[in-house]
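Coordinate inspection notes
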Amino acid sequence: QKNAPKTDEEKKTKDSGKDKSEVEVNVEVKPLNTAEISPCDLHVVCDTMLQGVCKKLRLCGVDAVALENGQSHEHCLVLRNNLIKSGVSPVYILSRGKPAQGMVKHVPKGHCYSVLESSTEAQIREIFSYFNVVAQEGDVFSRCVICNGAEYVKLQNSHMVKIQKNQNEAIVIPAGAEQSSSRNRHSDFGDFLDESSEDEDENEISTTKPADWIDLEDGGKIDINNGQMENGIKIGIKAVPNNTLQNVQEFWVCQSCGKVYWQGSHWEKAQDKVKSFLNVAPVPSPKPAT
């Protein structure tokens, strides 16, 4: 028995190389927004298969959250509703294929987008094109890639060095503990140890120093003894290499998670990367002196 001939629509879908469900979700391929918007004005919930894209969007300044592994695709709708209730609007869903097809009926038209491209860089281009987003160089690292926080405190080199010194002085190591198997295990792993970990060695005893709060030049305070901010979050100073602490003059700390950023080679590479795959708006040159 011969198969029934394919319809024109089926032929178009096959020829385009895209999943039919994705084509159905993205009925309109033209930009959703007629006017250009900044990355900070785009609020999205990313499905599980787009967790990597979520971090790259944050790097570009987009307000982006993602499902955690194990959560159902439909949980995107829950996160979206929670954000809207908190005052964030509009909030869009980014997904792919059948999961997107299942959620599109529960949101306004165009508010659930099925990403078609495969590579991360192409996906970012596609998303920015659909939402008509134009980025500036200043948008890079305007959000924390780890937690999506958008508020930072700036610390000078002298503050960071003093915090590290005070934290080291607050740790007392019992006699003989330097030979422990736990310490040897840490040495074996070296730089492969999770850099975001703030856990103390099980053989170390911490002594608590009284708080010593100092005022920061951009506002806010920090306890110079233990590196704690006013909101109780500790600075992730253990993840900063010693040579960086000694040579870099300014640091930016995420107020939400304590992640430390500085303008090193990784900062420059990230800016170059963003400019290489996005239609970044040019930064106006200063007027010539007269």
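Residues numbered from 1 in each chain as written. Predicted model: local features only at pLDDT ≥ 70, side-chain atom pairs only at ≥ 80, totals over all residues. Heavy atoms only, no water.

1. Details of the sheet that holds strand 12 (residues 260-261)
If you trace the 3 strands from one edge of the open sheet to the other, you get 5-11-12, paired in antiparallel fashion. Pairing within the sheet leaves two strands with one partner each, and these edge strands are strand 5 (152-156) and strand 12. In this structure, strand 11 (residues 250-254) lies alongside strand 12, joined through 2 bridges in antiparallel fashion. Paired with Trp-252 across the two strands is Tyr-261, which belongs to strand 12. Strands in contact with helix 7 (residues 157-169) are strand 5, strand 11 and strand 12; relative to strand 5, the strand with the most contacts, it is inclined by about 85°. (Pairing = 2+ DSSP bridges. Helix = DSSP H or I, 4+ residues; strand = E, 2+ residues; numbered from the N terminus. Contact = heavy atoms within 4.5 Å. Axes fitted to C-alpha atoms, helices over the stretch in contact; angles between N-to-C directions.)

2. Regarding the sheet that holds strand 3 (residues 92-95)
The sheet built from 4 strands is open, its strands ordered 2-1-3-4 with parallel pairing. Two strands lie at the open edges of the sheet, namely strand 2 (63-66) and strand 4 (112-114), each paired on one side alone. Each neighbouring strand pair of the sheet contributes to a mean axis angle of 25°, computed without reference to strand direction. Here 3 bridges tie strand 3 to strand 4, and the two strands are oriented parallel to one another. Opposite Ile-93, over in strand 4, you have Cys-112 as the bridge partner. Against the sheet, helix 3 (residues 51-59) engages strand 1 (43-46), strand 2 and strand 3, with an angle of about 160° to strand 2.

3. With respect to the pattern of salt bridges
A full pass over the atoms with the stated rule returns 3 salt bridges. Arg-143 is the partner of Asp-63 in a salt bridge, and the nearest nitrogen-oxygen pair spans 3.9 Å. One end of the pair, Asp-63, is in strand 2; the other, Arg-143, is in the loop between helix 6 (120-131) and strand 5, with 80 residues separating them in the sequence. A cluster of three or more residues bridged by salt bridges with shared partners is formed by Lys-154, Glu-217 and Glu-250. (Salt bridge = Lys/Arg side-chain N within 4 Å of Asp/Glu carboxyl O.)

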